[in-house]
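Tertiary structure, described
Spelled out from the first residue to the last, the chains are:
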Amino acid sequence: MYLFSDFASVQALPDVVTVQQLSQAIGLSPSRTYELLDEAEIPYLFLEKRKILFKEHLLQGLSGKRVFTDVAKLEVIRPLPEAFSPKRLIATLGISNGYAYTLVRSPGFPAVFVRNRIIISKNGFIRWIKENERHIRKD
């Protein structure tokens, strides 16, 4: 397997990364990057047309681990407050403003609408990630 977990370019990636960003950082084509991720069975979130990877899971999978850090213990998730707004969701997942508001209105997403505010539960968000996380391998 092509090991690039020690490269500064991978270490410098944000905590949440798309396959396109990863592909550019490591200098491989997107199709070859998918093959590497497939071999390592890296978990990802499929959001709209993007596959989003948590850098911690990426580095663990590329180092050969088959057991990944629990989502609640990921460095990008741990500092979230117990309740947060879509703006925090945007910053956490690196998604657009429009997509964040589409996501919070989607069925099953743990958002509560109170007057003109949207509140997302951290525990619900973690549960939602666990339920929606997939593996690159043929699913």
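Further up the page is the structure itself.
This text gives an overview of the structure that appears in the document. In this text, all values refer to a predicted model and were calculated from it rather than measured experimentally.

Procedures and definitions
Residues numbered from 1 in each chain as written. Predicted model: local features only at pLDDT ≥ 70, side-chain atom pairs only at ≥ 80, totals over all residues. Heavy atoms only, no water. Axes fitted to C-alpha atoms, helices over the stretch in contact; angles between N-to-C directions. Helix = DSSP H or I, 4+ residues; strand = E, 2+ residues; numbered from the N terminus. Parallel < 35°, antiparallel > 145°, perpendicular 65-115°, else oblique. Contact = heavy atoms within 4.5 Å. Nonpolar A, V, L, I, M, F, W, Y, C, P; charged D, E, K, R; others polar. Pairing = 2+ DSSP bridges. 1 Å grid on protein atoms, 1.4 Å probe; cavity = no way out; pocket = protein on both sides within 12 Å on 5 of 7 lines; lining within 4 Å. Points joined across faces, edges and corners; volume = space filled by probe spheres on them. Phe/Tyr/Trp six-rings, centres within 6.5 Å; stacked < 30°, edge-to-face > 60°. Buried < 20%, exposed > 50% of the residue type's maximum accessible area, 1.4 Å probe, protein only.

Geometrically, a packed helix pair is captured by the angle between its two axes and the distance between the axes. Two elements in contact, helix α2 (residues 19-26) and helix α3 (residues 30-40), have axes whose closest approach is 9 Å; the angle formed by their N-to-C orientations is 105°. Regarding the angle of α2 to α3, the classification is roughly perpendicular. Contacts between α2 and α3 involve Val-19, Gln-20, Leu-22, Ser-23 and Ile-26 from the former and Pro-30, Thr-33, Tyr-34 and Leu-37 from the latter. Grouping the amino acids of the contact of α2 with α3 by side-chain chemistry returns 6 nonpolar, 3 polar and no charged.

A sheet is described by the order of its strands in space; here 4 strands give the open sequence β1-β3-β2-β7, paired in antiparallel fashion. Here the strands that pair on one side only, and so sit at the sheet edges, are β1 (16-18) and β7 (133-135). Here the strands of the sheet are splayed against their neighbours by 45° on average, with no regard to which way each runs. Direction of pairing for strand β2 (residues 43-47) relative to strand β3 (residues 50-54): antiparallel, over a ladder of 3 bridges. Each bridged residue has a counterpart across the sheet, and for Phe-46 the counterpart in β3 is Lys-51. Sheet strands in contact with helix α4 (residues 55-62) are β1, β2, β3 and β7, and its direction is about 75° off that of β3.

Next up on the list: empty space enclosed by the protein. Scanning the model with the defined rule gives 1 cavity of 30 Å³ or more in all. Each pocket or cavity is described by its volume, and for the largest cavity that value is around 40 Å³. For the largest cavity, the full set of lining residues is Asp-15, Phe-54, Lys-55, Glu-56, Leu-74, Glu-75 and Val-76. Partitioned by chemical class, the residues of the lining of the largest cavity number 3 nonpolar, no polar and 4 charged.

So, on to the packing of aromatic side chains. Considering all chains together, one arrives at 4 aromatic pairs under this definition. Seen in terms of ring centroids, Phe-84 and Phe-125 are 5.7 Å apart; in terms of plane orientation they differ by 80°. Their pairing is edge-to-face. Taken as a pair, Phe-84 in strand β4 (residues 83-84) and Phe-125 in helix α7 (residues 122-132) lie far apart in primary sequence, 41 residues in all. Accessibility expressed as a relative area gives 5% for Phe-84, which makes it buried. A relative accessible area of 0% means that Phe-125 is categorised as buried. Judged by centre distance (4.9 Å) and plane angle (70°), the rings of Phe-109 and Trp-128 are edge-to-face.

Here the focus is the sheet that holds strand β5 (residues 111-114). Sheet strands associate in pairs through backbone hydrogen bonding, adopting either a parallel or an antiparallel arrangement. Here 3 strands make up an open sheet; going across it, the order is β4-β6-β5 and the pairing antiparallel. Each edge of the sheet is formed by a strand with only one pairing partner; in this case those strands are β4 and β5. Its contacts with the sheet put α7 on β4 and β6 (117-121), and the angle it makes with β6 is roughly 65°.

In this section: unusual backbone geometry. We note that Glu-41 has phi near 50°; this positive angle belongs to a residue other than glycine. In this structure, Glu-41 sits in the loop between α3 and β2. The exposure class assigned to Glu-41 is partly exposed, which follows from its relative accessible area of 29%. Of note, Arg-115 is a non-glycine position whose phi angle comes to about 50°, a positive value. Positionally, Arg-115 belongs in the loop between β5 and β6.

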